[in-house]
Amino acid sequence: MACAKDVSRPAVAIAVDDHMAVPVLNLKAQYAGIRSRIDEAVRTVLESGHFVLGPNVAALEEELGAFLGVTKAVTMASGTDALHLSLRALGVGPGDLVLIPAFTFVATATAVSYVGARPVFVDIEAKTFNVDPDRVRDYLAEKAPGPRPDGRLKAMIPVHLYGQPADMEPLLALARSHGVALIEDAAQAIGAMYHGKRVGGLGDVGCFSFYPTKNLGAMGDGGLATTQDQALGDHLLRLRVYGGRQRYLHEELGFNSRLDEIQAAVLRVKLGFLGEWTARRHAIAARYRAGLAGLGLTVPLERTDSTHVYHQFTIRVPDRDAVRGRMAERGVQTAVYYPLPLHLQPLYRELGYGTGDFPEAERAAREVLCLPMYPELTDAQVDEVVEACRRSL
Ligand SMILES: Cc1ncc(COP(=O)(O)O)c(C=O)c1O
C-alpha cells in the first residue's frame, strides 16, 4: 500500500534507505553485532526499577570523564541541551554575542538564541570546514560582517565538524586575549585528539551529542557537557535538575535535562567498542582515499597535529547534486551536511546577513557530499561506493 508522505511532521535529520545496496547509515547492523550485550544491559535496567539518573549514569560519567581526560563529565538529555546549559553556566545571556561558524548544524546557533544572546557567524577554512581563526581575527578587528563586539562578545563555539578538531591553539589564544569563554561543540568528534589531548577538554566546556547516528550513539537522545573546572561542572549538574543544590530548594532557573538509565547502560556498552569502531572508520577512510585518488575530488585533509574520527567522510564535488543523484541510481546513498549555511537560514534572516558574506561556508554548502561512513561497512561496500562515485562524475 502506498503511504502518503506526512508533511505535518517535521523531517528527521536522516532518512536511511535500507533498500540501497549501500545505505548512508546502518544502525541495525550495529545492533546486530552487539545485540546480546545491549539486551543484557537494558534488561538489567528494566529489572532494577531505577530509570533516571541512577548508577549507570554515574558510572558512565566516570568512564567518559576518564576517557576524555576531564575533571567533570555531566550527562544531559541532548547535545543541544549541553550547549544551552553550558552557555548559561558561563553566564551568557540577553544582549551578548557569541561567535560560531557559519557552517554547522543549526543547534550550535539555536543554543545561543535560547539564552537570549545573538549568534555572530564567522567563515570557515576551505581545507577543514572548521571555523577559520583568521576570520575570527578579522571579526575582532571589525573587518568581517556582523555587529561590532563592543564588549558584548562573551563566548565562541568552534565546532569540530565531521569529527575533525578545529584549530584550537589560535582560537584559545584569541578567546583568552579577548576575555571570552570557549565552548567546544564536539557533538561529532568524540575521541578526536588535538595536540595529544582529546577534544572536549581543551576549552572551558566541551559539548557532545549521543544522538543515535553519532560515533557514540544512544538508542534515543542524550548529550554530555565536560569541563576541567569543578565549580563549572557543579553548576552544570544543578542546571540539569531544576537549579538547586538541595532537593526542593531552587536557587536559579534550572531545567530537566536528565539522561535516563537505559540510554546510559547502552552508552556504557558502546563506549567499550568506541576504540575499535574508530579504528575501523580510519581504515574505511584510508580505503576511500586510495580508491578516489586521481579523480580530481577533494578528500578530507588529515592534519598532522590532530586526529580525525571520521564521523563523516566528506568530499567536495562541484556538480554535487547531479553526482549524488547518479550515485543513488547505482544504489549508493549519500548525505549533505549541510545544504544551507546558517547566515542564510530563514530563522536568522533578521540578523541581516546576505549571500556573499561567508563565501567558504556558501561554497561548502554547495559542494559537500558525505559518503557512507560507519564501522559496519564492508570493504566490498566501500569499493562499491568508490565505483559508484567514479562512474557518476
Ligand atoms: C555539530 C552539532 N552540534 C550540536 C548537535 C546537537 O546534538 P543533539 O542532536 O544531541 O541535540 C549536533 C547533532 O545533532 C551536531 O552535529
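The shown structure was predicted, so the numbers you read here are calculated from the model rather than taken from an experiment. (Residues numbered from 1 in each chain as written. Predicted model: local features only at pLDDT ≥ 70, side-chain atom pairs only at ≥ 80, totals over all residues. Heavy atoms only, no water.)

Trainee: Tell me about the packing of aromatic side chains, and please be specific about residues and values.
Mentor: Applying the stated criterion to the full structure yields 11 aromatic pairs. Ring geometry for Phe 121 against Tyr 348: centres 5.8 Å apart, planes inclined by 70 degrees, an arrangement best described as edge-to-face. Of this pair, Phe 121 sits in strand β3 (residues 118-122) while Tyr 348 sits in the loop between α10 (320-329) and α11 (359-367), and the two are 227 residues apart along the sequence. Tyr 348 gets classed as buried once you look at its relative accessible area, which sits at 3%. Seen from their ring centres, Tyr 288 and Phe 313 are 5.0 Å apart, and the 40 degrees between their planes marks the pair as tilted. Here Tyr 288 is found in helix α9 (residues 274-292), whereas its partner Phe 313 is found in strand β11 (residues 313-316), with 25 residues between them in sequence. In this structure, Tyr 288 and Phe 313 share a single accessibility class: buried. (Phe/Tyr/Trp six-rings, centres within 6.5 Å; stacked < 30°, edge-to-face > 60°. Helix = DSSP H or I, 4+ residues; strand = E, 2+ residues; numbered from the N terminus. Buried < 20%, exposed > 50% of the residue type's maximum accessible area, 1.4 Å probe, protein only.)

Trainee: Account for the pairing of strand β1 (residues 72-76), naming residues and giving values.
Mentor: Counted residue by residue, β1 has five buried out of five residues, so it is predominantly covered. Side-chain alternation along β1 places Lys 72, Val 74 and Met 76 on one buried face and Ala 73 and Thr 75 on a second face that is also buried. By the bridge criterion, five bridges tie β1 to strand β9 (residues 223-227) in an arrangement that is antiparallel. The residue of β9 that forms the bridge with Met 76 is Gly 223. (Pairing = 2+ DSSP bridges.)

Trainee: How would you explain the packing of helix α3 (residues 79-89) against helix α7 (residues 230-240) if you had to name every residue and give the values?
Mentor: Their axes nearest at 10 Å, the elements α3 and α7 cross at an angle of 120 degrees. On the basis of the axis angle, α3 is oblique to α7. Judged by the twist between their axes, the crossing of α3 over α7 is right-handed. Contacts from Leu 85, Ser 86, Arg 88 and Ala 89 of α3 reach α7 at Leu 232, His 235, Leu 236, Leu 239 and Arg 240. Considering only residue class, the contact of α3 with α7 consists of five nonpolar, two polar and two charged. (Axes fitted to C-alpha atoms, helices over the stretch in contact; angles between N-to-C directions. Parallel < 35°, antiparallel > 145°, perpendicular 65-115°, else oblique. Left-handed = near helix turned anticlockwise from the far one by under 90°. Contact = heavy atoms within 4.5 Å. Nonpolar A, V, L, I, M, F, W, Y, C, P; charged D, E, K, R; others polar.)

Trainee: Residue-level account of the pairing of strand β4 (residues 153-156), with values.
Mentor: The pairing of strand β2 (residues 97-101) with β4 spans three bridges and is classified as parallel. Bridge pairing in β4 places Leu 97 opposite Leu 153. Pairing geometry for β4 and strand β5 (residues 181-185), over two bridges, is parallel. Bridged to Met 156 within β5 is Leu 182. A crossover connection joins β4 to the parallel β5 through helix α6 (residues 168-177); in handedness this β-α-β unit is right-handed. (Right-handed = clockwise from strand over helix to strand, strands pointing away.)

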